[in-house]
Amino acid sequence: MSQLFSPLSLGQVTLDNRIIIAPMCQYSANNGAASDWHTIHLGQLSLSGAGLLILEATAVNPEGRISYGDLGLWNNETQQALGKSLKAVRQYSPIPIGIQLAHAGRKASTGKPWEGIGAIAPGEVNGWQTVAPSAIAYDDKSSVPKAMSQDDIDSLIKDFVSAAKRADELGLDLIELHGAHGYLLHQFLSPLSNKRDDNYGGSLENRMRLLLDVFKAVRAVFPSDKAVGVRISATDWVEGGWDLEQSIVLSKALDELGCDFIHVSTAGLSPEQQIPVKPNFQVPFATAIKEAVNMPVIAVGLITQAQQAEDIISEQQADGVALARGILYNPHWPWHAAAELGATVTAPKQYLRSSPHGQPSPIK
Ligand SMILES: Cc1cc2nc3c(=O)[nH]c(=O)nc-3n(C[C@H](O)[C@H](O)[C@H](O)COP(=O)(O)O)c2cc1C
C-alpha cells in the first residue's frame, strides 16, 4: 500500500495524502491584489489531487514584495481580492489551502522574472527602498537596504500578525512562514547578512530571535485547530553561512514552541552559493532535521517521479514531499502517481469520466 497516499496531519489539519504543492510566486497581482490569473492558476492546482496547496509567497506589507507584481495581504483590498479567488476555488475543491507569509527584505524591489530587469532602485518606477537586518546589498546589482530599527522590527511583527488574522478570516487552513531562500527572516538567521550588534544579531540565539518572535506572535492569533509551520533554507551553501547544524537548533526551538511542520529547502541567501543540484539533493537535510524533531518534516527539490516520492516517505526520509516545477508542468501529477502506485485521488465529479484508454482510473 502506498505510503505517499496515506494521510498526514500537520497539527490538526489532516491531508488526504503527502503530496504538497509548494508555494510558487506568480507575479500577477495588482498592488498586492490577486487577479483572475490567481483564480485560474489556483483553480487548476486545486483539482490536482494533492493533499495540500500552499499559496505563493504573500507579502505582509508592500515593501516586503519581491516584485511589484507579488501577492500581498496587508489591507482590505488585498484581502477581498484573494477572497474572491479562493471563493471560486473552494466552490469546487475541498483541498486544504495554506498561505506562505513573507517579506523579501533586501531581495525586494525587483521586476517580474520574465521582464529580465532584476533589481529596481528606489525612486525608479516600481522600485522602493528595501530593508534588511544590516545595510548589506544582496549583490552589486541590488540597492543597499536600510538596516531595520527596533521600531521597524516591531512593526514587521505586527504586519505578520495582521496578515495572519486576515488569512484566518479568508478561511485558510494553514500558514507557512517564509524563513527560506534569502528573504528577510532568513537574512536575520544567516551570519552573512546579519551583522547586527543588538538582540537580533551576533549569537545564534539572537539571529534566531526574529523568526521565533514572528512564529510566536502568529501562532497566538491563528486558531489552534489550524496549522502554523515554517519553511527554511537548511544551508546557504556558502562557507561560514547558515548551515544544517544551526538549522537543527532552530528546528528544535520551533518544535518546542508547537510548530506544526518544517519545510526544508536550501539556498537563496548569497550569490556565492555552490549548489550540487540533482534529484533529491535537499532531502538529506530534511532527514537530518526529522531525526531531531517530533513535528512533521516536508522535503522539497527535484522530486519529480512517483516512485521517488514514495521511497522518500516509505523510507522515512521525510513525512511529506512538496513539488513545484513538476506539478506546474503536469498539474495532474498526483493522479498519475496514484495510478502508478495503485492508490486513489479525489477528483471533481465533472472529471470522473476522464479514465484514459478505458483503463481503470485512480480517481474517485
Ligand atoms: C515559479 C516558481 C515560483 C516560486 N515561488 C516560491 C515562493 O513563492 N516561495 C518559496 O518558498 N519558494 C518558491 N519557489 C521555490 C519552490 O517552492 C521549490 O522550493 C523549488 O522550485 C524546488 O522544488 P521543485 O524542484 O519541485 O521545483 C518557486 C519556484 C518556482 C518554479
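Residues numbered from 1 in each chain as written. Predicted model: local features only at pLDDT ≥ 70, side-chain atom pairs only at ≥ 80, totals over all residues. Heavy atoms only, no water.

Side note on the site of the ligand
Next up, step 1: As a matter of local geometry, the ligand sits amid 15 residues, with Cys 25, Gln 100, Arg 231, Leu 302 and Arg 325 nearest to it.
Next up, step 2: Taking Gln 100, its side chain carries an N or O atom lying 2.8 Å from a nitrogen atom of the ligand.
Next up, step 3: Between the ligand and Leu 302, the relevant distance is 2.7 Å, taken from an oxygen atom to a main-chain nitrogen or oxygen of the residue.
Next up, step 4: Expressed as a share of its isolated accessible area of 600 Å², the protein-covered part of the ligand is 80%.
Next up, step 5: Its residues placed into classes, the shell around the ligand shows nine nonpolar, four polar and two charged. (Near = heavy atom within 4 Å. Polar contact = N/O pair within 3.5 Å; in protein donor to acceptor, adjacent residues only side chain to side chain. Areas by Shrake-Rupley, 256 points an atom, 1.4 Å probe, with all protein chains shown as cover. Nonpolar A, V, L, I, M, F, W, Y, C, P; charged D, E, K, R; others polar.)

What to know about the sheet that holds strand β3 (residues 19-21)
Next up, step 1: An order of β3-β4-β5-β8-β9-β10-β11-β12 is seen for the eight strands of this closed barrel, with the pairing classed as parallel. Across the sheet, the mean angle from the axis of one strand to that of its neighbour is 25°, orientation sign disregarded.
Next up, step 2: As paired elements, strand β10 (residues 262-265) and strand β11 (residues 297-300) share three bridges and run parallel to each other. Its bridge partner being in β11, Ile 262 is matched across the sheet by Val 297.
Next up, step 3: Here helix α6 (residues 244-256) sits on the sheet in contact with β9 (227-233) and β10, set at roughly 175° to β9. (Pairing = 2+ DSSP bridges. Helix = DSSP H or I, 4+ residues; strand = E, 2+ residues; numbered from the N terminus. Axes fitted to C-alpha atoms, helices over the stretch in contact; angles between N-to-C directions. Contact = heavy atoms within 4.5 Å.)

Overview of the packing of helix α1 (residues 36-46) against helix α2 (residues 76-92)
Next up, step 1: Put simply, α1 and α2 touch, their axes get as near as 9 Å, and they point 30° apart. The orientation of α1 with respect to α2, classified from their angle, is roughly parallel. Remark: the crossing between α1 and α2 carries right-handed chirality. Taken together, the residues of α2 that come into contact with α1 (itself represented by Asp 36, His 38, Thr 39, Leu 42, Gly 43 and Ser 46) are Lys 84, Ser 85, Ala 88 and Val 89. (Parallel < 35°, antiparallel > 145°, perpendicular 65-115°, else oblique. Left-handed = near helix turned anticlockwise from the far one by under 90°.)

Regarding the pattern of salt bridges
Between side chains of opposite charge, a pair can form when the charged atoms approach closely.
Next up, step 1: Enumeration according to the criterion identifies seven salt bridges in this entry.
Next up, step 2: Between Lys 226 and Asp 168 there is a salt bridge, with the nearest N and O atoms lying 2.7 Å from each other. Placement of the pair is Lys 226 in the loop between α5 (204-221) and β9 and Asp 168 in helix α3 (residues 150-169), with a sequence separation of 58 residues.
Next up, step 3: Across the pair Arg 219 and Asp 260 runs a salt bridge, and its minimum N-O distance is 2.9 Å. Within this pair, whereas Arg 219 is found in helix α5, its partner Asp 260 is found in the loop between α6 and β10, the two being separated by 41 residues in sequence. Exposure class is identical for Arg 219 and Asp 260. Each is buried. (Salt bridge = Lys/Arg side-chain N within 4 Å of Asp/Glu carboxyl O. Buried < 20%, exposed > 50% of the residue type's maximum accessible area, 1.4 Å probe, protein only.)

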